[in-house]
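# Close look at the chain arrangement
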Amino acid sequence: MPILHDLELNRRDLMVGGGTLAALTAVPAVVQAQPSPAGAPALTKVSLTVNGQSHDLEIDIRTTLLDALRERLHLTGSKKGCDHGQCGACTVLIDGRRVNSCLTLAIMNEGMEITTIEGLGTPENLHPMQEAFIKHDGYQCGYCTPGQICSGVAVLGEIKAGIPSHVTPDLTQPVTLSDAEIRERMSGNICRCGAYSNIVEAMTEVAGRQG
Amino acid sequence: MRAFTYERATSPVQAAAAAAANPDAKFIAGGTNLLDLMKLEIETPAHLIDVNGLGLDTIEATSEGGLRIGALVRNTDLAADERVRRDYGVLSRAILAGASGQLRNRATTAGNLLQRTRCPYFYDTAQPCNKRQPGSGCSAIGGFSRQLGIVGTSEACIATNPSDMAVAMRVLDATVETVKPDATTRRIPVAEFHRLPGDTPQIETVLERGEFITAVTLPAPVGGKHLYRKVRDRASYAFALVSVAAVIQQDGTGRIAVGGVAHKPWRVEAAESELPRGAKVAAERLLAGATPTHENAFKVPLVERTLGSVLDEARS
Ligand SMILES: Cc1cc2nc3c(=O)[nH]c(=O)nc-3n(C[C@H](O)[C@H](O)[C@H](O)COP(=O)(O)OP(=O)(O)OC[C@H]3O[C@@H](n4cnc5c(N)ncnc54)[C@H](O)[C@@H]3O)c2cc1C
Ligand code: SF4
Ligand code: FES
Ligand code: FES
């Protein structure tokens with residue numbers, strides 16, 4: 001595996017190299033014009049804390065958190081399905097809460113703790129939710145899976161914290177775990193392969209183990 | 001996405017002044033509506049004023065016995081607040097019926113009120129749309145209009161306001177608090193906050209240039225049963241075809257507002273006096289003068305039946 005990993009990194013570095021070059025040629029225009037003329041892309045420095053590690057980047061201000069994670073930090077676990085908040089494939093945890101990383105700018109997330117699927121667990125040390133997804137076949141192609149797992153972890157936290165949902169029968173009573181609660185809360189994560197029922201099983205098992 | 005410059009607001013008045021100074025500036029809160037529209041170049045601000053650092057994220061009791069909800073309180077936190085769940089259940093229910101958990105974690109009270117229509121032609125920049133491009137025409141009239149408005153529409157635009165939260169705010173008689181660039185403040189009843197399309201559908205609220213929302217207040221609780229019923233094409237994560245927010249008292253009187261039918265949450269106080277006589281009479285009054293298209297005429301009976309079902313539940 002290490003060989004493949006290096007190869008992949010090289011290919012990405014090449015692509016990023018090209019991108020950086022293109023971006024660099026734009027720098028003088030921005031620097032000369034203060035404030036930058038309408039329409040000219042503006043570069044900015046951002047500092048992001050991802051999976052416990054701090055990163056200083058120079059990015060186009062328009063960069064979404066998702067693009068910063070994938071294209072700049074090479075954390076390609078978070079996926080781009082729709083880029084419009086509709087599919088959940090880009091779900092990450094920010095200060096412990098699940099968020100669609102495609103609908104927030106990287107620069108809006110400075111100073112926050114960002115956790116991606118890569119930070120939840122590793123192949124050698126899986127997060128219980130990752131383990132349960134494998135055991136219960138909670139995926140087929142796997143494209144939606146990092147988002148499902150990040151969302152799934154957060155959903156169990158939300159139920160524990162007593163945050164109600166659309167299907168919670170009584171708003172004045174504590175929230176209890178049920179298949180209906182899991183289904184409703186996971187509706188922001190679309191799975192084209194239809195692994196839904198196995199995802200419910202995986203989440204139920206993890207919730208049970210947490211007690 | 002068009003290029004823009006970015007600043008972090010330091011106070012509500014500073015944010016308002018910065019927005020007023022630059023006609024192409026926009027506030028950004030959760031970003032869940034604005035960034036979506038910017039990617040499609042439907043919104044093209046040249047400058048973004050990030051208001052996330054301003055606090056305004058608490059819910060506090062007012063001296064009148066109500067609640068003041070900060071403009072930046074996230075939809076998740078508003079719906080989960082113990083006082084809101086107990087005394088303003090219709091608001092929790094409406095918020096929880098909208099969007100997804102991920103979106104509600106970021107979406108703010110002010111941003112939700114100001115979210116823009118989901119008319120398919122507003123989203124399709126290749127098509128004429130008076131709201132997106134004033135004077136270009138309305139593609140929805142005579143086009144695909146199944147989701148669009150049936151009351152309070154105009155010849156220029158038949159779009160609906162897609163917010164679930166706003167329908168509950170309307171039934172609760174909420175008030176929007178703002179600050180203007182000159183530091184004066186004002187209180188706008190939510191009933192007057194959203195406009196009908198008329199011949200300027202691009203102007204959706206009464207907010208002035210630069211005016212910044214600081215909070216939304218709720219009057220003291222009115223009791224009653226709080227219900228929000230949303231009818232949509234799938235059971236979750238879809239916008240309303242029709243929704244009914246209701247606060248119904250034991251004697252059968254109450255308040256109702258309807259979503260998915262107009263350019264603003266639709267409430268007709270005169271229709272509420274008919275509530276004890278049943279859904280048919282009340283719905284007729286509520287939708288008097290409706291001008292549905294052939295594609296969305298189904299919304300007229302759907303409002304009546306949804307209201308009927310809500311009133312049945314309130315009685316049970
Ligand atoms: C896939 C999807 C499904 C959705 N489904 C639903 C649904 O079923 N029901 C529903 O109701 N909503 C739904 N939404 C919409 C969602 O509720 C809104 O996107 C959200 O509430 C907007 O809040 P925000 O804070 O992210 O706003 P932003 O995107 O940050 O801002 C929206 C607008 O408000 C302005 N603004 C923000 N704060 C202030 C302020 N303090 N003062 C003045 N102006 C301000 C901004 O300039 C901008 O014009 C959905 C969204 C998506 C992407
Ligand atoms: S209904 Fe309004 S938003 Fe839709 S196409 Fe017509 S003008 Fe545009
Ligand atoms: S890529 Fe973000 S929700 Fe689809
Ligand atoms: S596993 Fe293929 S999209 Fe979900």
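Structure: above.
A short tour of the structure in this document, coming up. Counting starts from 1 at the beginning of each chain's written sequence and moves along it residue by residue. Think of it this way: whatever chain is written first is A, whatever ligand is written first is 1, and the rest follow in order. In keeping with the model being predicted, local features are shown solely for residues with a pLDDT of at least 70 and side-chain atom pairs are shown and tallied solely at 80 or more, while totals for entire chains, interfaces and linings include all residues. Side-chain metrics in this entry use all non-hydrogen atoms of the structure; hydrogen atoms and water are not considered.

### What about the overall build of chain B?
- Here a strand is any run of E in DSSP of at least two residues, a helix any run of H or I of at least four, and the numbering for each starts at the N terminus. Regarding its fold elements, chain B presents 13 helices and 11 strands.
- Computed over C-alpha atoms, the radius of gyration of chain B comes to 19 Å, within 12% of the 20 Å expected from 2.2 N^0.38 for 316 residues, which places it in the range of a compact globule.
- Each residue is placed in one exposure class: buried if its accessible area under a 1.4 Å probe, protein chains only, is under 20% of its type's maximum, exposed if it is over 50%, and partly exposed if it falls in between. Scored against the burial criterion, the 316 residues of chain B give a buried share of 59%.
- Residues are treated as being in contact if the distance between any of their heavy atoms lies within 4.5 Å. A sequence separation of at least 24 residues applies to 62% of the contacts in chain B between residues at least 6 apart.
- Taken as a whole, chain B presents about 12,100 Å² of accessible surface, with 50% of it coming from carbon and sulfur. It is over C-alpha atoms that the radius of gyration is taken, and the globule rule equals 2.2 Å times the number of residues to the power 0.38. With residues, only the protein chains shown are counted as cover, and all accessible areas are computed by Shrake-Rupley using a 1.4 Å probe.

### Points about the sheet that holds strand 3 (residues 91-94) of chain A
All names here are of chain A.
- Two strands make a pair as long as DSSP finds a minimum of two bridges between them. If you trace the five strands from one edge of the open sheet to the other, you get 2-1-5-3-4, paired in mixed fashion. Every interior strand has two partners, whereas the edge strands, strand 2 (53-60) and strand 4 (97-100), have only one. Strand-to-strand twist in this sheet, taken as the mean axis angle between neighbours without regard to direction, amounts to 45 degrees.
- As paired elements, strand 1 (residues 43-50) and strand 5 (residues 113-115) share two bridges and run parallel to each other. Of the residues in strand 5, the one forming a bridge with Val50 is Ile114. Lines fitted to the C-alpha atoms define the axes, with helices restricted to the stretch that makes contact. Angles between their N-to-C directions range from 0 to 180 degrees.

### Here's the deal with the side chain of Arg185 of chain A
Residue and element names in this part refer to chain A.
- Checked against the element boundaries, Arg185 lands in helix 6 (residues 179-185).
- On the basis of relative accessibility, which here comes to 4%, the residue Arg185 falls in the buried class.
- Ignoring any residue separated from it by four or fewer positions in sequence, one finds Arg185 in contact with Arg98, Val155, Glu158, Ile159, Ile163, Pro164, Ser165, Thr168 and Val175.

### Describing the packing of helix 4 (residues 128-135) of chain A against helix 5 (residues 145-160) of chain A
Residue and element names in this part refer to chain A.
- Relative orientation of the contacting elements helix 4 and helix 5 amounts to 120 degrees, with a least axis distance of 10 Å. The pairing of helix 4 with helix 5 is recorded here as oblique in orientation. In the packing of helix 4 onto helix 5, the handedness of the crossing is right-handed. The segment helix 4 lies against helix 5, with Met129, Gln130 and Phe133 engaging Thr145, Gln148, Ile149, Gly152, Val153 and Leu156.
- Just so you know the grouping, Ala, Val, Leu, Ile, Met, Phe, Trp, Tyr, Cys and Pro go in nonpolar, Asp, Glu, Lys and Arg go in charged, and all remaining residues, Gly too, go in polar. Considering only residue class, the contact of helix 4 with helix 5 consists of five nonpolar, four polar and no charged. Orientation is classified from the angle alone, with under 35 degrees giving roughly parallel, over 145 giving roughly antiparallel, 65 to 115 giving roughly perpendicular, and any other angle giving oblique. Helix crossings fall into two classes, left-handed where the near helix is turned counterclockwise from the far one by less than a right angle and right-handed where it is turned clockwise.

### Describing the interface of chain B and chain A
- Chain B puts 40 residues into the contact, and the matching count from chain A is 48 residues.
- Accessible-area loss on putting two parts together, using a 1.4 Å probe and summing over both, is the definition of buried area adopted here. Each partner contributes to the roughly 3,500 Å² buried at the junction of chain B and chain A, and carbon and sulfur atoms together form 53% of this total.
- Three residues stand out in chain B for area buried against chain A, namely Arg85, Gln102 and Arg106 of chain B, and they jointly supply 21% of the buried area on that side.
- Any carboxyl oxygen of Asp or Glu within 4 Å of a side-chain nitrogen of Lys or Arg constitutes a salt bridge here. On inspection of chain B and its partner chain A, the count reaches three salt bridges.
- Elements with a contribution of two residues or more to the side of chain B that touches chain A: strand 1 (5-8), helix 2 (34-39), strand 3 (47-50), helix 3 (75-80), helix 4 (82-87), helix 5 (89-96) and helix 6 (101-106) of chain B.
- Here the element with the most residues in the side of chain B that touches chain A is helix 6 of chain B; it accounts for five residues.
- Partitioned by chemical class, the residues of the side of chain B that touches chain A number 16 nonpolar, 13 polar and 11 charged.

### Some thoughts on the packing of helix 12 (residues 279-286) of chain B against helix 13 (residues 299-315) of chain B
Residue and element names in this part refer to chain B.
- It is at 9 Å that the axes of helix 12 and helix 13 come closest, and there the two elements cross at 135 degrees. By the angle between their directions, the pair helix 12 and helix 13 is classed as oblique. Relative to helix 13, the crossing made by helix 12 is right-handed. For the pair formed by helix 12 and helix 13, the contact residues are Ala279, Lys280, Ala282, Ala283 and Leu286 on the first element and Val303, Glu304, Leu307, Gly308 and Leu311 on the second.

### Structural notes on the sheet that holds strand 8 (residues 212-218) of chain B
Residues and elements named next belong to chain B.
- Ordered in space as 4-5-8-6-7, the five strands form an open sheet in which the pairing is antiparallel. Two strands bound the open sheet, and with one partner strand each, they are strand 4 (59-61) and strand 7 (185-189). Here the average twist between neighbouring strands, direction ignored, is 25 degrees.
- With five bridges joining them, strand 6 (residues 175-179) and strand 8 adopt antiparallel strand pairing. Across the sheet, Glu177 pairs through a bridge with Ala215, a residue of strand 8.
- The strands touched by helix 1 (residues 12-21) within the sheet are strand 6 and strand 8, with strand 8 carrying the most contacts at an inclination of about 130 degrees.

### Let's talk about the pairing of strand 10 (residues 242-248) of chain B
Residue and element names in this part refer to chain B.
- When you tally the buried positions in strand 10, you get seven out of seven residues, the bulk of the element.
- Both strand 9 (residues 225-231) and strand 10 contribute to a ladder of seven bridges, which runs antiparallel. Looking across to strand 10, one finds that Leu227 is bridged to Ala246.
- Of the strand pairs in this sheet, strand 10 and strand 11 (residues 254-259) are connected by six bridges, and their pairing is antiparallel. Looking across to strand 11, one finds that Val244 is bridged to Val258.

### Quick notes on the packing of aromatic side chains
Residue and element names in this part refer to chain B.
- Pairing of aromatic rings covers Phe, Tyr and Trp, the last through its six-membered ring, and needs centres within 6.5 Å; plane angles under 30 degrees mean stacked, over 60 mean edge-to-face, and all others mean tilted. Under the definition given, this model contains two aromatic pairs over all chains.
- Where Phe27 meets Phe212, the ring centres are 5.1 Å apart and the plane angle is 75 degrees; that geometry is what we call edge-to-face. Of this pair, Phe27 sits in strand 2 (residues 25-28) while Phe212 sits in strand 8, and the two are 185 residues apart along the sequence.
- Aromatic side chains Phe122 and Tyr123 sit 6.1 Å apart centroid to centroid with 80 degrees between the ring planes, which places their arrangement in the edge-to-face category.

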